[in-house]
Amino acid sequence: MSEVLVVVDHVDGAVRKPTLELLALAKRLGTPSAVHFGSADSAVVEKLKAFGAEKIYVVDDSEIKGYLVAPKAEALQQLVEKTSPAAVLIVSGYEGKEIAGRLAVKTGSGIITDAVDIEEGGVTTQSVFAGNYSVKSKVTKGTPIITVKPNSAAPEETAGAGEVEEFAATISDSAKKAQIVASQPRKASGRPELTEAAIVVSGGRGTGGDFSAVEGLADALGAAVGASRAAVDSGWMPHSFQVGQTGKVVSPQLYVANGISGAIQHRAGMQTAKTIVAVNKDEEAPIFELVDFGVVGDLQSVLPAATEQIEKRKN
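Just so it is clear, the model here is predicted, and its values are computed rather than measured.

J.: Residue-level account of the overall build of the protein, with values.
T.: A count of helices and strands for the protein gives eight helices and 16 strands. By the compact-globule yardstick of 20 Å for 315 residues, the protein fits well, its C-alpha radius of gyration being 21 Å. Along the three orthogonal principal directions, the C-alpha set of the protein runs to about 60 × 40 × 40 Å. Counting every position in the protein, which comprises 315 residues, the buried fraction comes to 48%. For the protein, contacts bridging at least 24 residues in sequence account for 63% of all contacts bridging at least 6. Total accessible area on the protein is roughly 14,900 Å²; 49% of this is exposed by carbon and sulfur atoms. Computed over 31 positive and 38 negative side-chain charges, the inter-centroid distance for the protein is 2 Å.

J.: Describe unusual backbone geometry, naming the residues involved and giving the relevant values.
T.: Working note: non-glycine residues mostly have negative phi, and peptide bonds are mostly trans. With a phi angle near 45°, Val69 is a residue other than glycine that sits in the positive phi range. Along the chain, Val69 turns up in the loop between strand 5 (55-59) and helix 3 (70-83). Given the relative accessible area of 12%, Val69 is considered buried. Unusually for a residue other than glycine, Asp114 sits at a positive phi of about 60°. Relative to the assigned elements, Asp114 resides in strand 7 (residues 111-118).

J.: Any details on the packing of helix 5 (residues 212-221) against helix 8 (residues 299-314)? Residues and values, ideally.
T.: The description of two helices packed together rests on the angle between their axes and the distance between the axes. One way to put it is that helix 5 packs onto helix 8 with a least axis distance of 9 Å and a crossing angle of 20°. Relative to helix 8, helix 5 is oriented roughly parallel. In terms of crossing hand, the pair formed by helix 5 and helix 8 is left-handed. Only Leu299, Gln300, Leu303, Pro304, Ala306, Thr307, Ile310, Glu311 and Lys314 of helix 8 make contact with helix 5, whose side of the interface consists of Ala213, Val214, Gly216, Leu217, Asp219, Ala220 and Leu221. Here the contact of helix 5 with helix 8 is built from residues that sort into 10 nonpolar, three polar and three charged.

J.: How would you explain the side chain of Glu74 if you had to name every residue and give the values?
T.: With respect to the helices, strands and loops of the structure, Glu74 is situated in helix 3. Filtering out sequence-adjacent residues up to four positions away, Glu74 remains in contact with Lys106, Thr170, Ile171, Ser172, Ser174 and Ala175.

J.: Give a detailed account of helix 4 (residues 94-107), specifying residues and quantitative values.
T.: In this model, helix 4 (14 residues) spans 20 Å end to end at C-alpha, consistent with the 20 Å of a helix rising 1.5 Å per residue. Here helix 4 has its buried residues at Gly96, Ile99, Ala100, Leu103 and Ala104. End-on view of helix 4: buried residues confined to an arc of 135°, all on one side of the axis. Those residues of helix 4 that are exposed and angled more than 90 degrees off the buried face are Tyr94 and Val105. For helix 4, the secondary structure elements touched by its buried residues are helix 3, strand 6 (87-91), strand 7 and strand 10 (145-148).

J.: Break down the domain arrangement of the protein for me, citing the residues and quoting the values.
T.: According to the domain assignment, the protein contains domain 1 (3-176) and domain 2 (199-314). Spacing between the C-alpha centres of domain 1 and domain 2 amounts to 32 Å. Opposite the eight residues of domain 1 that make contact, domain 2 presents 10 residues. Roughly 610 Å² is buried in total at the junction of domain 1 and domain 2, and carbon and sulfur atoms are behind 45% of that figure. The interface formed by domain 1 and domain 2 contains zero salt bridges.

J.: Requested: an account of the pattern of salt bridges, with residues and values cited.
T.: Summed over the entire model, instances satisfying the criterion amount to 16 salt bridges. Arg16 is paired through a salt bridge with Asp9; the nearest N and O atoms lie 3.9 Å apart. Taking relative accessible area as the criterion, Arg16 reaches 23% and is therefore assigned partly exposed. Linking Asp233 and Arg229 is a salt bridge whose minimum nitrogen-to-oxygen distance equals 3.3 Å. Placement of both Asp233 and Arg229 in helix 6 (residues 229-233) is noted, with a separation of four residues, approximately one turn of the helix. Beyond isolated ion pairs, a larger network of salt bridges with shared partners links Asp9, Arg16 and Glu196.

Analysis parameters
Residues numbered from 1 in each chain as written. Predicted model: local features only at pLDDT ≥ 70, side-chain atom pairs only at ≥ 80, totals over all residues. Heavy atoms only, no water. Helix = DSSP H or I, 4+ residues; strand = E, 2+ residues; numbered from the N terminus. Rg over C-alpha atoms; globule rule 2.2 N^0.38 Å. Buried < 20%, exposed > 50% of the residue type's maximum accessible area, 1.4 Å probe, protein only. Contact = heavy atoms within 4.5 Å. Areas by Shrake-Rupley, 256 points an atom, 1.4 Å probe, with all protein chains shown as cover. Lys, Arg positive; Asp, Glu negative; His and termini not counted. Charge placed at Lys NZ, Arg CZ, Asp CG, Glu CD. Axes fitted to C-alpha atoms, helices over the stretch in contact; angles between N-to-C directions. Parallel < 35°, antiparallel > 145°, perpendicular 65-115°, else oblique. Left-handed = near helix turned anticlockwise from the far one by under 90°. Nonpolar A, V, L, I, M, F, W, Y, C, P; charged D, E, K, R; others polar. Expected span 1.5 Å × (residues − 1). Arc of directions from axis to C-beta. Domains from an automatic or database assignment. Buried area = accessible area lost by both parts, 1.4 Å probe. Salt bridge = Lys/Arg side-chain N within 4 Å of Asp/Glu carboxyl O.

Here you go:
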């Protein structure tokens, strides 16, 4: 079977969950091979092997660190030309989609972004028009370059051969024009990243600016915290927490909307969630047209009660 290249997304030596999901999807198309920009003797390699990588291409990142996307796209182009893979899978995100677009141009290939599923034969599913429709697509030219949204598949902990091969890429000077000169580390919250969390608990205008109940429920569930545009515009939460058309698009297993009316702008960012729960005092709120379960009530009373019951069951 042909190789399927999976570009590894990792932070501080830890492989992020969406990469493990891509390895599971890659098995439907061929033999999973991971592309790791980093060290060959790291914990990343062992993790990739444990989740099914048959081969791990380790690309020396000494010429790549400190630059934006272009060097990685060049390295991937050279690897694609060497291996002729059945497809290249990349995690959907700002960097991932930029790399994918550049790689598609460099290799003369078709590209599909924000897939939520991949079937045998390379047929992908995407949610379009703010999540109101699903379409199936397939790349018909070159090497399929596909970016996949987090939470699109379940990781499969099935050990692969994990054969390590170091790959030396030649990076041109033109790819090193956009350099990172400074970065601002995020404050560690202990919560999962919003776009890849399996559970998201969000708050809106109905919180009145008090997100303590929302955060309490999120922590009890091991969830990420999100916010509506109204909450962000009011200055209650940073923009990085915003879920919606002008914020982040999430597709968790469970989405809990609290004090959120359900305007189309917000729905565009979360309505592909597998299960949606809403808590709102207004029984006529548009969000109730979308949910699987709805609670008409004051979130400041409902959420603490729910959190208390969850904590009891955990003990």
